[in-house]
Amino acid sequence: MTSQEIRQQFLDFFQSKQHLIVPSAPIVLKDDPTLMFSNSGMTQFKDYFLGYKEPKASRIADTQKCLRVSGKHNDLDDVGRDTYHHTMFEMLGNWSFGDYFKKEAITWAWELLTEVYGIPKENLYVTIFEGDAKENLERDTEAYDLWKQFISEDRIINGNKKDNFWEMGASGPCGPCSEIHVDLRNEEEKAKVSGLELVNNDHPQVVEIWNLVFMQFNRKADGSLENLPAKHIDTGMGFERLCMALQQKESNYDTDVFTPLIAKVEELSGKKYTGILTDEKDIAIRVVVDHIRAVSFAIADGQLPSNGGAGYVIRRILRRGISYAYRFLDRKEPFLFELVAVLQNQMGKFFPELEKQGKLVTEVIKSEEESFLKTIETGLLRVEKLIQQTISEGKKVLPTQEVFELYDTYGFPDDLTRIIAEEKGLSIDEAGFEDALDKQKQRSKKDSASKVYDWVVLEEKPENFVGYDQIETETYITRYRKVENKDGEFYQIVLSNSPFYPEGGGQIGDKGVLENAVESFEVLETKKENGLIISLINGLPKDAGAVFYAKVNAAERKNSQANHSVTHLLHEALREVLGTHVEQKGSFVGPDYLRFDFSHFSKMTEEELALIEEKVNAKIKENIALQEFRNIPIQEAIDKGAMALFGEKYGDSVRMIQFGTSKELCGGTHVKNTSEIGHFKINSEASAAAGIRRIEAISGDKSEEYFKNLEKQVAELSQLLKSKDIVKSIEKLIDENSALKSEVESLKKEKAKGEIGDWKTSYEQKGDKLLLVKKTSLDAGSVKDIVFQLKKEIPTSITIVLSDADGKPMITIGVSDDLAGVYQAGALIKDLAREIQGGGGGNPGFATAGGKNLDGLENAYQKALML
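This section reports on the structure supplied with the text. Please read all numbers here as calculations on a predicted model, not as lab measurements. (Residues numbered from 1 in each chain as written. Predicted model: local features only at pLDDT ≥ 70, side-chain atom pairs only at ≥ 80, totals over all residues. Heavy atoms only, no water.)

When helices and strands are tallied, the chain shows 24 helices and 36 strands. Looking at the chain as a whole, 51% of its 867 residues qualify as buried. Total accessible area on the chain is roughly 40500 Å²; 47% of this is exposed by carbon and sulfur atoms. (Helix = DSSP H or I, 4+ residues; strand = E, 2+ residues; numbered from the N terminus. Buried < 20%, exposed > 50% of the residue type's maximum accessible area, 1.4 Å probe, protein only. Areas by Shrake-Rupley, 256 points an atom, 1.4 Å probe, with all protein chains shown as cover.)

Put into structure tokens, the structure is as follows:
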């Protein structure tokens, strides 16, 4: 049975049990402040469990893309070193929202595993929650009694809170769970040791494949438990482990989930995969095929590698894969990007985003590989220098700070530093490195740490957002909670009627004031969490239940919504000018400027940018009225021509914004007419990542300010040049400057000619060569001309020139052609460059190096004389 068939059978089975089959949510979470990635199947249904949203059906089944590489759920360090841990994995799940509970969940799980998939019953074990006295939680006898109908009592195992009480995080929905484990060992091994002893003991062939969570509690911030409004079922079955069981393999990597990828790696690397757990080559192959899945899905869902947040996590995963391939597969050139096509072929049917975004995913990964491989090469030079320095000082341990700097600042893998050091008989201070790493993590945690208290609910009432129609309104607080962070003590509030737009869709959240006749509070930010619009204020009202007046900062809102509306016009213009391959890949909309990222594979020309500006401003001048479809079925919106972006999570009903032919799904605030935008001006266009371009622009008040400042600068230039014809005056200055430069160059050449005459007579015989070592203050261009002339005119010679021009150290080496087989300028320069803390290179006949340490020129001079 293939993996595709296994996945389909799961979905078909639960569809026959009246479950609605829904697509996987994006692996990257954009609107959840508590999580970066979907780390379990229940993530996209969290609001349903908490009662913030109504589910589209009371029974749902799906396969969810998950990523576990940070926080509580972190499997990254285990990946590649065993048979079953992964960064990205699929979680098959069936869900009940207040419908069925334990009886149906257990019965159907047993039916699917034993009757549909045909797993022998004697290979299965189940666990139940044994209870916890501290939490005042009793043993789950209901689950025990249900399981007794299907499996012998000696195969029902009591599990503690750690293993059999599932919690989403420090707070949130939770409940007892029942795990199903499968024993995949052969009969001989089973006869030696009972599977009963190996459950939950990290045995690679006695593994958990399905977890049935009986969601009935909510964990509050103070640690206490309260009953959820309704009881729910949340199950998660590891797809890769299920395939291992059904395909009768000993490792997830031996299933057809991974074997096509492994075969491609074998082809590209020339290395044969044997599946040995301790073989570094095999570990590297497992790391590569696992990591390419995680990175590809994340990029397809809109998360590009970067230096912060979720992007940093994706870059770290990718660099880990590149590093393993570099060290153990001898791959010094990019090749992971070539695996994307194999992944598309395997999973594109179930996950169309891989097909749609395949070119972008491939280009981004290739670019990241090229960049990091250069980082590794640069890092190798730094490590070599560090090793030489350590040896010269008579030490055996590389200095901790420098090793950590290589890792932290330059991204050079610490284990690669360790390997190179060991080859030279040195080591790194393991404890010191771990301490430095821990301190960095603590600093990071301290900077972002905050303590969030439980909600104080004043009124159970649906909150209402009125910000599309009003920017100020009468309101009152329905709930509040205290927040403590490094900046002090604040309060998050939810209002009965809120005019404050919560951060989302690229647009920043509104600021403003909350006031009445007695007191006033500044609204510092507004975000959305679990369906609630939450505003942060700088204090708690004396009477939290009093009536207040909420006012949005009108000037900032006006500029933000102008910038938001113009991004829609910009998106349309880009597709018209560059092609329909253009898709939005990210945006920032604030009151001062807008940033728009889009898919495109080349730098835009000046003509294209001018045409984009022209098209957008033409739309602005057309005075196009906003057409807003506030609550429209998503399919109807798409049928009308609205764009749905990959990586975005849409509900059944959406909001569509239309300005003429521009139609987009959007929850942000917008101008009522394009004329309110004023004018659109592009400030810059640049690369944001491989295959992604970024435009930064202004509109409205900021555009007006830009042109006023431009007029002022023109006036000041006119006064400075004492001419109204600025262009003509500047052209004259350029001509004069060019003439002066020519004179300077002529003087330099004359000076260089004088130097050549003196230098020709200064060569000394050193063994099999003539050697000239000279100090000078000539510029790099003059030195190069001299060295090329001398190495041509003086046979069997090496010319070394050390320059301090403009206060910067520079070393230039020339080797005459008749010595090229004996001496190489490129090799000689590396040794001398260390003295000036620099690097460089060249070819056998000519090489240069620049550096940072001017004082080091003297050491380089003395060393050069010894050649």
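This part is about the pattern of salt bridges. Within the structure shown, the criterion is met by 55 salt bridges. Across the pair Glu 583 and Lys 356 runs a salt bridge whose closest N-O atoms are separated by 3.5 Å. Here the residue Glu 583 occupies a position in the loop between helix 17 (554-578) and strand 24 (584-589), and Lys 356 occupies one in helix 12 (residues 352-356), the gap between them amounting to 227 residues. According to the relative accessible area criterion, Glu 583 is buried, its value standing at 11%. (Salt bridge = Lys/Arg side-chain N within 4 Å of Asp/Glu carboxyl O.)

Taken in spatial order, the three strands line up as 26-27-28 in an open sheet, and their pairing is antiparallel. Strand pairing shows two members of the sheet lacking a second neighbour, strand 26 (627-633) and strand 28 (662-665), which therefore form its edges. This sheet shows a mean twist of 25° between the axes of neighbouring strands, independent of strand direction. Relative to strand 28, strand 27 (residues 653-659) runs antiparallel, the two being bridged by four bridges. Residue pairing in the sheet places Phe 659 in a bridge with Ser 662 of strand 28. In the packing of helix 17 onto the sheet, contacts are made with strand 27 and strand 28, and the angle to strand 28 comes to roughly 115°. (Pairing = 2+ DSSP bridges. Axes fitted to C-alpha atoms, helices over the stretch in contact; angles between N-to-C directions. Contact = heavy atoms within 4.5 Å.)

What follows deals with the pairing of strand 9 (residues 172-183). Where a strand is regular, its side chains alternate between the two sheet faces. For strand 9, a buried count of twelve out of twelve residues is recorded, marking the element as mostly surrounded by other parts of the structure. With three bridges joining them, strand 6 (residues 124-129) and strand 9 adopt antiparallel strand pairing. Each bridged residue has a counterpart across the sheet, and for Val 126 the counterpart in strand 9 is Ile 180. Pairing between strand 8 (residues 165-167) and strand 9: three bridges, direction antiparallel. The residue of strand 9 that forms the bridge with Trp 166 is Gly 175. What sits between the antiparallel neighbours strand 8 and strand 9 is a turn of four residues. Sheet topology note: the strand 9/strand 10 (residues 206-219) ladder contains ten bridges and is antiparallel. If you follow Glu 179 over to strand 10, its bridge partner there is Asn 211.

Turning our attention to unusual backbone geometry. The phi torsion at Asn 136 lies on the positive side, around 60°, for a residue other than glycine. Mapping Asn 136 onto the fold places it in the loop between strand 6 and helix 4 (141-147). Looking at Asn 136, the relative accessible area reads 71%, which means it is exposed. Phi at Lys 722 takes a positive value of approximately 55°, unusual for a residue other than glycine. Inspection of the secondary structure assignment puts Lys 722 in the loop between helix 20 (700-721) and helix 21 (726-760).

Next up on the list: the environment of Ile 156. Note on placement: Ile 156 falls in strand 7 (residues 156-159). For the pair Ile 156 and Ala 143, spaced 13 residues apart in sequence, the C-alpha separation works out to 9.9 Å. When sequence neighbours within four positions are dropped, the list of residues in contact with Ile 156 reads Val 126, Ile 128, Tyr 144, Trp 147, Lys 148 and Ile 151.

So, about the sheet that holds strand 24. The sheet built from four strands is open, its strands ordered 24-25-30-29 with antiparallel pairing. Among the strands making up the open sheet, the edge pair consists of strand 24 and strand 29 (680-689). Strand-to-strand twist across the sheet, computed as the mean angle between neighbouring axes with direction ignored, equals 15°. As judged from the six bridges shared by strand 25 (residues 594-599) and strand 30 (residues 692-699), these two strands associate in the antiparallel manner. When the bridges of strand 30 are listed, Leu 594 appears paired with Ala 697. Strands strand 29 and strand 30 of the sheet are contacted by helix 18 (residues 606-621), whose axis makes an angle of about 135° with strand 29.

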